[in-house]
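Next come the chains, spelled out residue by residue.
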Amino acid sequence: MKNAIKAELADRVKNLPPYLFERIDRLKKDALKKGIDVIDLSIGDPDLPTPSHIVKALQNAAEKPENHCYPSYEGMLSYRQTAANWCKVRFGIDLDSEKEVLSLIGSKEGVGHLPLAFVNPGDVVLCPSPGYPVYTVGTLFAGGEPYLMPLTESNGYFPDFAGIPENVLKRAKLMYLNYPNNPTSATCTKTCFSEAVELAHKYGFIICHDAAYSELYFDGKRPASFLQVDGAKDVAIELHSLSKTYNMTGWRIGFAVGNADVVFGLGKIKTNLDSGVFQAIQEAGIAALNTVDGVLSDIRDTYQARRDTLYEGLNRLGMEAKKPEATFYLWARVPKKFTSAGFSIHLLEKAGVMATPGNGFGTDGEGYIRFALTKDVSRIKEAVERIEKVI
Ligand SMILES: *Cc1c(COP(=O)(O)O)cnc(C)c1O
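The structure presented is a predicted model; accordingly, all values stated were derived computationally and were not measured.

**Q** Tell me what's going on with the packing of aromatic side chains, and back it up with residues and numbers.
**A** The tally for this structure, following the rule as stated, stands at 16 aromatic pairs. For the pair Tyr 132 and Tyr 135, a centre-to-centre distance of 5.6 Å together with 70° between the ring planes defines the contact as edge-to-face. Using a relative accessible area of 23% as the deciding quantity, one classes Tyr 132 as partly exposed. Given the relative accessible area of 0%, Tyr 135 is considered buried. Judged by centre distance (5.6 Å) and plane angle (85°), the ring pair of Tyr 213 and Phe 328 falls under edge-to-face. Here the residue Tyr 213 occupies a position in the loop between β6 (206–210) and α9 (232–235), and Phe 328 occupies one in the loop between α12 (293–316) and β9 (329–333), the gap between them amounting to 115 residues.

Here's what the structure looks like:
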């Protein structure tokens with residue numbers, strides 16, 4: 001008999017925080033098996049198709065043999081130039097497309113790899129809570145210590161920097177920020193960004209601003225770029241994603257822009273671990289970044305109509321919710337008698353409506369639930385009607 005392999009998980013995997021969504025996924029499967037018509041508002045993945053000019057660009061680019069080789073890890077110059085130009089047109093920021101722009105296999109890749117480049121065991125990484133789980137997981141994989149910065153309703157879902165102990169700030173190597181914010185949908189002003197830049201200068205840490213939702217905004221209020229703030233490029237990079245803006249989540253493409261040393265460090269990890277984005281997808285990415293405004297405003301209008309339906313619906317039921325200014329999420333308080341997880345299970349079992357419990361994004365999300373606006377208006381209306389019967 002052969003010896004059994006020792007497939008025991010490494011400590012870094014075993015010690016990961018429990019994955020709360022697993023139980024809910026299981027309950028969803030059970031509900032579907034029972035024939036319940038589940039309205040799934042839990043997933044941050046657009047239900048809309050990728051605009052056709054982008055699909056066409058991929059079809060053409062896939063035909064070209066010169067695109068069939070390994071791409072360069074940092075991205076084709078034409079892609080980086082297009083990304084730099086997009087930032088110039090959209091935010092008025094100047095970037096060196098060779099040193100200050102890096103292609104990413106989706107922004108999640110950049111979030112996850114950044115700590116490997118800069119965080120030593122024992123270094124602190126400041127992470128928003130609630131927040132996108134990859135900030136803390138990437139930190140833990142690099143041996144760093146996440147320090148959770150609570151985002152609360154009373155501080156406008158922006159960290160209270162004054163509340164972070166001095167000894168933590170002194171050990172900080174990196175801070176993640178994310179506006180427009182997942183899961184709270186909050187946006188933030190340049191003044192808040194300036195406070196963060198000042199703090200980073202004082203304590204000498206890097207800021208990584210995750211701008212995955214910068215183009216999904218409502219009422220014509222365009223969110224700012226972190227790099228628009230004076231001095232930001234001395235301390236920060238910003239991650240952009242084509243996933244949510246252009247309904248391209250499956251394509252895996254984004255980019256990092258900003259501080260040349262940070263871009264260099266992140267690139268160093270990428271040369272050693274991955275081989276860049278398929279060039280045909282970069283060509284499609286160029287087509288995406290050159291998308292005319294009309295196509296994007298149609299996408300925004302679609303989400304805005306859904307937002308209005310859900311926000312007004314929940315309000316009518318007496319649920320306290322934050323009116324989203326951007327993103328495709330709606331952050332609502334769960335009724336007092338429930339916990340976050342309890343309420344999401346209740347909605348699934350009694351109403352066939354699925355939403356994500358706030359504590360899945362960190363303990364500071366307890367008491368809230370996140371609805372994603374990734375179903376059409378008629379389904380959202382139906383979800384509200386079903387919720388009405390069970391609260
Ligand atoms: C969806 C999401 C990402 C990941 O986007 P990809 O570019 O598809 O990897 C990153 N950050 C936040 C906050 C997100 O919600």
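**Q** How would you explain the domain arrangement of the chain if you had to name every residue and give the values?
**A** Per the domain assignment, the segments making up the chain are domain 1 (16–45 + 294–390) and domain 2 (52–289). Using only C-alpha atoms to locate each centre, domain 1 and domain 2 end up separated by 26 Å. Contacts between domain 1 and domain 2 engage 30 residues on the former and 29 residues on the latter. At the boundary of domain 1 with domain 2, the tally comes to 3 salt bridges. On inspection of domain 1 and its partner domain 2, the count reaches 14 residue pairs in polar contact (both at pLDDT 80 or more). Counting residues per element, the ones that place at least two in the side of domain 1 that touches domain 2 are α12, β9 and β12 (368–372).

**Q** Explain empty space enclosed by the protein to me, using residue names and the numbers behind them.
**A** Counted under the stated rule, the structure contains 1 cavity of 30 Å³ or more. Contributing to the lining of the largest cavity are Trp 86, Ala 211, Ala 212, Ser 214, Glu 215, His 240, Ser 241, Leu 242, Thr 245, Tyr 246, Phe 255 and Leu 289. Tallied by class, the residues present in the lining of the largest cavity amount to 7 nonpolar, 4 polar and 1 charged.

**Q** Go over the layout of surface pockets with me, naming the residues and quoting the values.
**A** Its boundaries defined by the atoms lining it, the second largest pocket holds a volume of some 290 Å³. Looking at the lining of the second largest pocket, the elements that each hand over two or more residues are α4 (77–91), α11 (279–289) and α12. Top contributing element to the lining of the second largest pocket by residue count: α4, with 5 residues. Residue composition of the lining of the second largest pocket, grouped by class: 7 nonpolar, 4 polar and 5 charged.

**Q** Please provide a residue-by-residue account of the nonpolar core, values included.
**A** One finds Leu 126, Phe 205, Ile 207 and Phe 371 to be the most contacted residues of the largest nonpolar core, which totals 97 residues. Counting residues per element, this core draws most heavily on helix α8 (residues 190–203), which supplies 7 residues. Taken together, domain 1 (16–45 + 294–390) and domain 2 (52–289) each give at least three residues to this core, which thus spans both. Apart from the residues within four sequence positions on either side, Leu 126 is in contact with Tyr 147, Met 149, Ile 164, Val 168, Leu 169, Ala 172, Leu 174, Met 175, Tyr 176 and Phe 205. Within the second largest apolar cluster, 21 residues are counted, among which are Val 119, Cys 127, Val 134 and Ala 256.

**Q** How would you explain the site of the ligand if you had to name every residue and give the values?
**A** Around the ligand sit 14 residues, and of these Asp 210, Tyr 213, Ser 241, Ser 243 and Lys 244 come closest. Take Asp 210: an N or O atom from its side chain is 2.6 Å from a nitrogen atom of the ligand. In the environment of the ligand, an oxygen atom lies 2.7 Å from a nitrogen or oxygen atom belonging to the side chain of Arg 252. Contact with the protein chains hides 94% of the accessible area of the ligand, taken as 390 Å² for the molecule alone. In terms of residue class, the shell around the ligand is made up of 4 nonpolar, 6 polar and 4 charged.

**Q** Quick one: what's the story with the sheet that holds β9, residue by residue and with numbers?
**A** A sheet is described by the order of its strands in space; here 3 strands give the open sequence β9-β12-β11, paired in antiparallel fashion. What marks the edges here is a single partner per strand, and that holds for β9 and β11 (356–357). Pairing of β9 with β12 involves 5 bridges; the strand directions are antiparallel. If you follow Ala 332 over to β12, its bridge partner there is Ile 369. Here α12 sits on the sheet and contacts β9 and β12; the angle it forms with β9, its principal contact strand, is near 5°.

Calculation rules
- Residues numbered from 1 in each chain as written.
- Predicted model: local features only at pLDDT ≥ 70, side-chain atom pairs only at ≥ 80, totals over all residues.
- Heavy atoms only, no water.
- Phe/Tyr/Trp six-rings, centres within 6.5 Å; stacked < 30°, edge-to-face > 60°.
- Buried < 20%, exposed > 50% of the residue type's maximum accessible area, 1.4 Å probe, protein only.
- Helix = DSSP H or I, 4+ residues; strand = E, 2+ residues; numbered from the N terminus.
- Domains from an automatic or database assignment.
- Contact = heavy atoms within 4.5 Å.
- Salt bridge = Lys/Arg side-chain N within 4 Å of Asp/Glu carboxyl O.
- Polar contact = N/O pair within 3.5 Å; in protein donor to acceptor, adjacent residues only side chain to side chain.
- 1 Å grid on protein atoms, 1.4 Å probe; cavity = no way out; pocket = protein on both sides within 12 Å on 5 of 7 lines; lining within 4 Å.
- Points joined across faces, edges and corners; volume = space filled by probe spheres on them.
- Nonpolar A, V, L, I, M, F, W, Y, C, P; charged D, E, K, R; others polar.
- Core = buried A, V, L, I, M, F, W, Y, C linked by side-chain atoms within 4.5 Å.
- Near = heavy atom within 4 Å.
- Areas by Shrake-Rupley, 256 points an atom, 1.4 Å probe, with all protein chains shown as cover.
- Pairing = 2+ DSSP bridges.
- Axes fitted to C-alpha atoms, helices over the stretch in contact; angles between N-to-C directions.

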